[in-house]
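Residues per chain are reported as follows:
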Amino acid sequence: MRAALIDRFGGPDELYVGEAPVPEPAADEVLVKVLAAGTNPLDYKIRDGSSGIAKKLTPDDFPLILGRECCGVIEALGSGVTGFEVGQTVFGMPALTHPAGCYAEFVAMPIDCLAPVPDGADPILFGGTALVLSTALTAAVDQGRVQQGEKVLIHGGTGGVGQLSVQLCLRAGAEVWATASTRNQDRLVELGAHPIDYSTQEFTQVSPKMDLIIDGAYFDTFLPSLDHLVDGGRIVVLPSLADLSPAKERGIEAHIPVFGPMPDRLAALAPDIAAGALSIEIARVLPLEQVADAHRELETGHSRGKIVLDLRA
Ligand SMILES: NC(=O)c1ccc[n+]([C@@H]2O[C@H](COP(=O)([O-])OP(=O)(O)OC[C@H]3O[C@@H](n4cnc5c(N)ncnc54)[C@H](OP(=O)(O)O)[C@@H]3O)[C@@H](O)[C@H]2O)c1
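Predicted model, so just to flag it, every value in this text is computed and none were measured.

**A short note on the site of the ligand**
Working step 1: In the vicinity of the ligand, 27 residues are found, and the nearest of them are Lys 45, Ser 181, Asn 184, Tyr 198 and His 302.
Working step 2: For the ligand, the accessible surface in isolation is 920 Å², of which the surrounding protein chains cover 89%.
Working step 3: Mapped onto the shell around the ligand, the elements with two or more residues apiece are α1 (41-47), α4 (130-143), α5 (160-171) and β10 (175-180).
Working step 4: Split by residue class, the shell around the ligand holds 11 nonpolar, 14 polar and two charged.
Working step 5: Residue contributions to the shell around the ligand reach at least three from each of two domains, namely domain 1 (2-129 + 280-310) and domain 2 (132-255).

What follows is the structure, encoded as structure tokens:
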């Protein structure tokens, strides 16, 4: 099969499209013919060796297929699989400890990470859904415990996770402020947030103190955010390698999302995703051969919505 591979950690130029064996599904897995694979900052952090996952890889894991979420059609069932059938369209993300790589024509995925795609829905949209939706649910609902009437600020409100976090907090009945650069202010308004342009405004000056802050940016935003919480306020910081100790030292509740597959929750929200009631913005669709361009754009830290690889060609 065709797959986007790396032979070693490094820059985007390490990515190449080559041949790899079609994986054999284990008893509790299905073989998925990938239609679309979402790209995420996590992917370039694995590619360059900086993520926690990358540090656990051994030379035997190379050549390595990247990609941690996809949408595809079930091609074959593992020997112990029930409840799924060949020909069914599914989407999901494997557990972080599972070696599945989605930048490929086929991937073996455990059934406990897969949810059905509603009939007729766009596979490109669902290719870019599982990881960001799981992250936003963890950040806003599980760790952030967003409540009706609360004030919430989201740094990076037009990124993949940020856009869904804004919408989940609004759904919970919170009032939401969100930051982005000038060119993305329109999208913040479209999503229903009070827009803050971080390139011309100080969020501390133009918004009230918050009950909850979801910080997708971290470097410039984390410390000032701690001073922008009400007493008892919570902060959820998205980058996995963030240092939460300044919050903990002040007794502020702080989290980094850590989560496993949540197929039932993804399945429950899939109709809303398909209908656009929960909007996932697909900013770019690229063929597998242009995967390095996707990584270059993600690495700027200023990509908007999702960049999805189209494997259908
Ligand atoms: N812990 C986990 O399990 C987990 C899961 C998913 C993601 N993450 C991490 O969460 C972060 C966000 O992920 P993502 O997929 O949403 O990334 P993304 O799609 O690349 O979005 C990043 C967004 O941040 C905005 N941004 C950049 N600098 C900013 C600043 N100084 N202030 C406010 N916003 C700023 C950008 O908007 P502009 O273009 O307008 O600047 C961009 O839309 C990444 O570091 C990712 O690795 C962690």
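**Things to note about the pairing of strand β3 (residues 29-38)**
Working step 1: Across the 10 residues of β3, nine count as buried, placing the element largely inside the fold.
Working step 2: Here β3 pairs with strand β7 (residues 106-110) via five bridges, running antiparallel. Paired with Leu 31 across the two strands is Ala 108, which belongs to β7.
Working step 3: Pairing of β3 with strand β5 (residues 70-77) involves seven bridges; the strand directions are antiparallel. When the sheet's bridge partners are listed, Val 32 is paired in β5 with Ile 74.
Working step 4: Where β3 lies against strand β16 (residues 306-310), three bridges are found, and the strand directions are antiparallel. Looking across to β16, one finds that Ala 36 is bridged to Asp 310.

Thresholds applied
- Residues numbered from 1 in each chain as written.
- Predicted model: local features only at pLDDT ≥ 70, side-chain atom pairs only at ≥ 80, totals over all residues.
- Heavy atoms only, no water.
- Near = heavy atom within 4 Å.
- Areas by Shrake-Rupley, 256 points an atom, 1.4 Å probe, with all protein chains shown as cover.
- Helix = DSSP H or I, 4+ residues; strand = E, 2+ residues; numbered from the N terminus.
- Nonpolar A, V, L, I, M, F, W, Y, C, P; charged D, E, K, R; others polar.
- Domains from an automatic or database assignment.
- Buried < 20%, exposed > 50% of the residue type's maximum accessible area, 1.4 Å probe, protein only.
- Pairing = 2+ DSSP bridges.

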